[in-house]
Amino acid sequence: MDRKPVIVYCTPSLYIPGGVERVLTTKANYLADVAGYTVYIILTDGQNKPPYYPLSSRIRLIRLDIDFEELWGLPLYKKIIVYLQKQRIYKRKLRETLFSIKPDITVSLMRREINFITSIKDGSKKVGELHVNKKHYRNFNGADKNMVTTLFSKIWMMSLVRHIKRLDRFVVLCKEDRENWHQLRRVEVIGNPLPFPIVPANHHPGNQAIAVGRYTYQKGFDLLIQAWSTVACKHPEWKLFIYGKGNPTPYEELVRKLNLSNHVILKADTPDIIDKYRESSIFVLSSRYEGFGMVVAEAMACGVPPVSFACPCGPGDIIRDGEDGILVENGNVEQLAEKICYLIENEDIRKEMGRKACINVRRFEVEQIMSQWIKLFEELLKL
């Protein structure tokens, strides 16, 4: 191809300060500013709301204003009717847009368009990229799980697999999750890029550990706080800071119940998270599951060694156990506390793991990750 490719990304919105939004912005900016691609991002929601993360002026935003967010406040019976109506509108508008743009590649972030995108014969190669592991995508968990929802989830997944099989490529974030898609042949693994340059700490901070993530069941902060109860008994001079979006109230109650108010500090999310990593000596990931675990790589890029549950999926692909961090059995609170204490008690090992973390995490620098994406795109366009 003599000219640079034209690429379209389909995603709901960019105004939310979420991981998917940040990763997409990072990749799109690189393709537009460094690789010279013509980049379009097609949005269905967030009418008139600007992107949260800085977006290159070379990127062209197309707002279809379908407003699927309207569904959030509707009762179930009405939600189904409105959803089907909006899907028809979305399919029509997306088809018209793709035929107008004539992209070389169209990338679905595996949202509502995955149900029909391969039926749009605009000539572009169709790629799907998934930011959640298979087990926790299109699945019902927790209080809503019953025989009906379990059956519905299985039918939904069977339908999804049929749609994915029609894609030209399907991309997941880690090797572990690739094994979960055994029904598929063309599955690539490309991790998420670091959103900032590697900035190793030039000092070794004091008695402080950090955890980062939303205040949700997935992130397992209840397990971390329980583990810290053991850590605080052995090392009362150490403090744990948790930074996150959402409602911290249930976790604040657990902190009070375990008499940890002087040891565990719950904070809101902050735009200065790099500084917070650099103020810390240990990073802890207590998630029950992940799509990738970008915060692990971020901490390592700041020279902070991680202690992490070996949850599905991601940490096992990022951390080299015993070299640049420590993996513990998923959900094992006692072992999590034990390994945190191990790093507290072995400062030389902790510093050496932090040093190696800065080196090993370079494979997730944006240049490294985007070279994999560009190679994939170039291979597709030769077919």
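Residues numbered from 1 in each chain as written. Predicted model: local features only at pLDDT ≥ 70, side-chain atom pairs only at ≥ 80, totals over all residues. Heavy atoms only, no water.

In this section: the sheet that holds strand 7 (residues 187-189). Spatial strand order, 3-2-1-4-5-6-7: seven strands in an open sheet with parallel pairing. The open sheet has two edge strands with one neighbour each: strand 3 (60-63) and strand 7. Within this sheet the neighbouring strands show an average axis-to-axis angle of 25 degrees, counted without direction. Pairing of strand 1 (residues 6-11) with strand 4 (residues 105-108) involves four bridges; the strand directions are parallel. Across the sheet, V8 pairs through a bridge with T106, a residue of strand 4. Across the face of the sheet, helix 12 (residues 366-382) comes into contact with strand 1, strand 4, strand 5 (125-129), strand 6 (169-172) and strand 7 while running at roughly 150 degrees to strand 5. (Pairing = 2+ DSSP bridges. Helix = DSSP H or I, 4+ residues; strand = E, 2+ residues; numbered from the N terminus. Axes fitted to C-alpha atoms, helices over the stretch in contact; angles between N-to-C directions. Contact = heavy atoms within 4.5 Å.)

This part takes up the pattern of salt bridges. Evaluated as defined, the whole model comprises 14 salt bridges. The residue R3 makes a salt bridge to D104 at a minimum N-O spacing of 2.8 Å. Of this pair, R3 sits in the segment before strand 1 while D104 sits in the loop between helix 2 (76-101) and strand 4; the two residues are 101 residues apart in sequence, bridging distant segments of the chain. Look at D104 and you get buried, because its relative accessible area is 10%. A salt bridge links K27 to E129, with the shortest nitrogen-to-oxygen separation between them at 2.7 Å. (Salt bridge = Lys/Arg side-chain N within 4 Å of Asp/Glu carboxyl O. Buried < 20%, exposed > 50% of the residue type's maximum accessible area, 1.4 Å probe, protein only.)

For the rest of this paragraph, the subject is the packing of helix 5 (residues 221-234) against helix 6 (residues 249-257). Any two packed helices are characterised by how steeply their axes cross, that is the angle between the axes, and by the distance between the axes. For the pair helix 5 and helix 6, interaxial distance at closest approach is 10 Å and the crossing angle is 15 degrees. What the angle tells us is that helix 5 and helix 6 run roughly parallel. Crossing geometry of helix 5 relative to helix 6 is assigned as right-handed. Every residue of helix 6 that contacts helix 5 at F221, D222 and I225 is listed here: Y251, L254 and V255. Per-class residue counts for the contact of helix 5 with helix 6 are five nonpolar, no polar and one charged. (Parallel < 35°, antiparallel > 145°, perpendicular 65-115°, else oblique. Left-handed = near helix turned anticlockwise from the far one by under 90°. Nonpolar A, V, L, I, M, F, W, Y, C, P; charged D, E, K, R; others polar.)

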